[in-house]
Amino acid sequence: MAVLDAITQYVAVAVFTGVYNISLLTLGIVRARRTDGSLRGQLRLAHERPVALPLGWSVFVLVPCLNEERVIANTLRCLLDGQPGARIVVIDDGSDDGTSRIVRAVGGDGVTLVRRALPAARRGKGAALNAGLRTVREHTDRDGLNASRVLVCVLDADGRMTPGAASRVTRRFADPAVGGAQLAVRVRGNDRWMLRLQDLEFWALSALTQFGRMATGTVSMGGNGQFSRLSALDSIGPRPWTDSLTEDLDLGISLAARGWTVTSTTAAFVSQQGLTSPRRLLRQRTRWYHGHMSAISRLPELWSRPAVGLPGRVELTGYLLAPYLVTLPASIVQHYAILRALCSNGTGTPHLVPGAAWLNVLAWQCLPFAAYLVSALLYWHRTDDLPAWKAVCWSPAVAMCMYLGFAACWRALWQIITRRGHWAKTERAVEAPVAS
């Protein structure tokens, strides 16, 4: 009991959160404001005109598909119209719907279709991307392209990059040390509360933290809007994407381990669909946590390779250990502190205010609520479709993201212990056609 009472002091959780998360978030806010003039400035990119690729650069966009007839047409139209000069490679990973037919009808000669059949197909996103990369390498060799000036973009079948994103991202790769870059992500359809919460998580907290990680060159690669230098992928091997449940995170670690800088940019972003089913959202987040928590096996590799600088090693170590040092302990402390204060009349718990136990419990709960309020206000500063008063009203709802993380993290831990879990495709929703 004394040990648990010591845990309620929030020392480990508070220190790690303050030093790691808050520091990165602050760095990200400063970088975004300096680059765009305000946290909201990045939104202007959605209305910019497409920009052609700079001379000497080539961009291949890999679009892995498995039964994506609901969304692939819009994605291809946006790519063909908004990313001039980019070469599109669609990998049909054993679809049994009309995906390939739609790709041929919409893309025509402007899209290369790679069809995979069972039993080789449906082995996970990483396997599909490696198949698409083989096509990229064939085109690179055939056309005599310089691999250091060839970028490979990974775009989900529902992804839509801002016009000219492929061209603007090449500026980040002007530095020969940069091996990868990840775009900030928005969730479309904010008219529904679950989609709004996911957009808040991606567009405010995740994006700003990623901007902060640019300082150490260890930005986490995502599965949508991911850019890699072909020569950097070649340095990893013939199959740079693994069969991990989070093949994107694994790729970022592999790049960092070989001394490549992984960065982000405020000059482009990508939008995607969200999930409106709580059950499917929990399943998705469980898969993400499973891959994230399993990635701690890469820590010895990071610390044994001299190519990784000390700041990068420390940041990546903190990031990979976050579920174990923050999420899991916080899920216990959050509820134990309340029960201990109420059941023992507050004995053994730190007193923030004098008075009854329930008053002290209320004071403790004001601390996480303040974090929810800051998150909602940051989101208000990052978007243009939510009044400030609504952002304040959304603050309590942010707690749902925290509890979703608690549930997903514990489920992932159980799957790791029992050696369960598999790659599962995210379901898509039907959207109105996008006109050229």
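This text goes with the structure placed above it.
Here the residue numbers are simple positions, counted from 1 along each chain's written sequence. Per-residue local features of the predicted model are confined to residues with pLDDT of at least 70, and side-chain atom pairs are confined, for both listing and counting, to 80 or more; whole-chain, interface and lining totals are unaffected and use all residues. Excluding hydrogens and water, the side-chain figures rest on all heavy atoms present in the structure.

## Observations concerning the overall build of the chain
Looking only at helices and strands, one finds 15 helices and eight strands in the chain. Looking at the 436 residues of the chain, the share that counts as buried comes to 55%. Contacts are assigned to residue pairs with any non-hydrogen atoms lying within 4.5 Å of each other. Expressed as a percentage of contacts within the chain between residues at least 6 apart in sequence, the contacts between residues at least 24 apart total 81%. Labels follow the DSSP assignment, with helices taken as runs of H or I lasting at least four residues and strands as runs of E lasting at least two, numbered in each case from the N terminus. The buried label goes to any residue with under 20% of its type's maximum accessible area, the exposed label to any with over 50%, and the partly exposed label to all in between, with areas taken from a 1.4 Å probe on protein chains only.

## Observations concerning the packing of helix H10 (residues 278-294) against helix H15 (residues 398-418)
Running from N to C, H10 and H15 cross one another at 55 degrees; their axes reach a closest spacing of 8 Å. Between H10 and H15, the angle is such that the two are oblique. Crossing handedness for the pair H10 and H15: right-handed. Of H15, the residues touching H10 (which contributes Leu281, Leu282, Arg283, Arg285, Thr286, Tyr289, His290, Met293 and Ser294) are Leu404, Gly405, Ala407, Ala408, Cys409, Arg411, Ala412, Leu413, Gln415 and Ile416. Amino acids outside the nonpolar list (Ala, Val, Leu, Ile, Met, Phe, Trp, Tyr, Cys, Pro) and the charged list (Asp, Glu, Lys, Arg) are all regarded as polar, and Gly is one of them. Taken together, the residues of the contact of H10 with H15 break down into eleven nonpolar, five polar and three charged. Axis geometry follows a simple rule: fit a line to the C-alpha atoms, using only the stretch in contact for helices, then measure angles between N-to-C directions, giving values from 0 to 180 degrees. An angle below 35 degrees is treated as roughly parallel, one above 145 as roughly antiparallel, one from 65 to 115 as roughly perpendicular, and anything else as oblique. Handedness of a crossing follows from how the near helix is turned relative to the far one, being left-handed for an anticlockwise turn of less than a right angle and right-handed for a clockwise one.

## Focus: the packing of helix H7 (residues 193-213) against H10
Close contact between H7 and H10 brings their axes to 12 Å; oriented N to C, the two are set at 20 degrees. Between H7 and H10, the crossing angle belongs to the class labelled roughly parallel. Relative to H10, H7 is oriented so that their crossing is right-handed. Contact with H7, carried on its side by Met194, Gln198, Glu201 and Phe202, involves Pro278, Leu281, Arg285 and Trp288 of H10 and no other residues of that element. Here the residues of the contact of H7 with H10 are counted per class, giving five nonpolar, one polar and two charged.

## A look at the packing of aromatic side chains
A pair of aromatic rings is counted whenever rings of Phe, Tyr or Trp (Trp by its six-membered ring) have centres within 6.5 Å, and the orientation is called stacked for planes under 30 degrees apart, edge-to-face for over 60 and tilted otherwise. For the structure shown, the criterion picks out three aromatic pairs. An angle of 80 degrees between the planes, with centres 6.1 Å apart, marks the rings of phenylalanine 202 and tryptophan 288 as edge-to-face. Taken as a pair, phenylalanine 202 in helix H7 and tryptophan 288 in helix H10 lie far apart in primary sequence, 86 residues in all. Taking the relative accessible area as the measure of exposure, phenylalanine 202 reaches 15% and is therefore buried. What makes tryptophan 288 partly exposed here is its relative accessible area of 28%. In this arrangement the basic side chain of arginine 213 is found over the ring face of tyrosine 319, its NZ or CZ atom lying 4.0 Å from the centre. Its end group placed over the ring of tryptophan 203, arginine 382 keeps NZ or CZ at 3.9 Å from the ring centre. Here, over-ring charges are defined by two tests on the NZ atom of lysine or the CZ atom of arginine: distance to the ring centre within 6 Å, and angle to the ring normal within 35 degrees.

## Re the sheet that holds strand S2 (residues 87-93)
Criterion used throughout: strands pair if DSSP finds at least two bridges between them. An order of S3-S2-S1-S4-S7-S6-S8-S5 is seen for the eight strands of this open sheet, with the pairing classed as mixed. The open sheet has two edge strands with one neighbour each: strand S3 (111-116) and strand S5 (160-161). Inspection of the sheet shows S5 paired to strand S8 (residues 261-272) by two bridges, in the antiparallel sense. Bridge pairing in S8 places methionine 161 opposite valine 270.

## A few points about the nonpolar core
To define a nonpolar core, start from buried Ala, Val, Leu, Ile, Met, Phe, Trp, Tyr and Cys residues and group those joined through side-chain atoms within 4.5 Å. Counting 47 residues, the largest nonpolar core has Leu62, Val152, Trp241 and Leu255 as the members making the most contacts within it. The element best represented in this core is H7, accounting for seven residues. What leucine 255 contacts, discounting residues up to four positions off in sequence, is Gly179, Gly180, Met221, Ser228, Ala232, Ile236, Trp260 and Val262. Leu79, Ala157, Phe173 and Ala268 belong to the second largest nonpolar core, which has 36 residues in total.

## Digging into the pairing of S8
Successive residues of a regular strand alternate their side chains across the two faces of the sheet. For S8, the tally of buried residues reaches eleven of twelve residues, placing the bulk of the element in the interior. Inspection of the sheet shows strand S6 (residues 178-187) paired to S8 by eight bridges, in the parallel sense. Counterpart to valine 187 in the pairing with S8 is glutamine 272.

## So, the environment of valine 111
Residue position: valine 111 is located in strand S3. Owing to a relative accessible area of 11%, valine 111 belongs among the buried residues under this scheme. Measuring from C-alpha to C-alpha, the distance between valine 111 and valine 61 comes to 9.8 Å, with 50 residues separating the pair along the chain. Once residues within four sequence positions are removed from consideration, valine 111 is found in contact with Leu76, Ile88, Val90 and Val103.

## Here we look at H10
The span one expects for a helix is its residue count, reduced by one, times 1.5 Å. In this model, H10 (17 residues) spans 24 Å end to end at C-alpha, consistent with the 24 Å of a helix rising 1.5 Å per residue. Along H10, the residues classified as buried are Leu281, Gln284, Arg285, Thr286, Arg287, Tyr289, His290, Gly291, His292 and Met293.

## Side note on the pattern of salt bridges
We define a salt bridge as a contact between a side-chain nitrogen of Lys or Arg and a carboxyl oxygen of Asp or Glu at a distance within 4 Å. Applying the stated criterion across every chain, the model contains 18 salt bridges. Where arginine 87 meets aspartate 143, a salt bridge forms, and the shortest distance between an N and an O atom there is 2.7 Å. Taken together, the positions of arginine 87 in strand S2 and aspartate 143 in helix H5 (residues 125-143) put the pair 56 residues apart, joining distant regions of the chain. In this structure, the salt-bridge partner of aspartate 93 is arginine 116, at a minimum N-O distance of 2.8 Å. Residue aspartate 93 is located in strand S2, and its partner arginine 116 is located in strand S3; the two are separated by 23 residues in the primary sequence. You'll find aspartate 93 and arginine 116 in the same group, each marked buried.

## Topic: the side chain of threonine 265
Secondary-structure assignment places threonine 265 in strand S8. Throughout this description, a polar contact denotes any pair of N or O atoms lying within 3.5 Å of each other; where both atoms belong to protein, one of them has to be capable of donating a hydrogen while the other can accept it, and for residues adjacent in sequence the pair is counted only when both atoms sit in side chains. A polar contact of 3.0 Å, which involves the side chain of threonine 265, links it to the backbone nitrogen of alanine 267.

## Focus on the environment of serine 167
Among the structural elements, serine 167 can be located in helix H6 (residues 165-169). For the pair serine 167 and valine 51, spaced 116 residues apart in the sequence, the C-alpha separation amounts to 6.1 Å.

## A look at helix H3 (residues 72-82)
Taken together, the buried positions of H3 are occupied by Ile72, Ala73, Asn74, Thr75, Leu76, Leu79 and Gly82. Buried positions along H3 lie against strand S1 (58-65), S2, helix H4 (99-107), S3 and S5.

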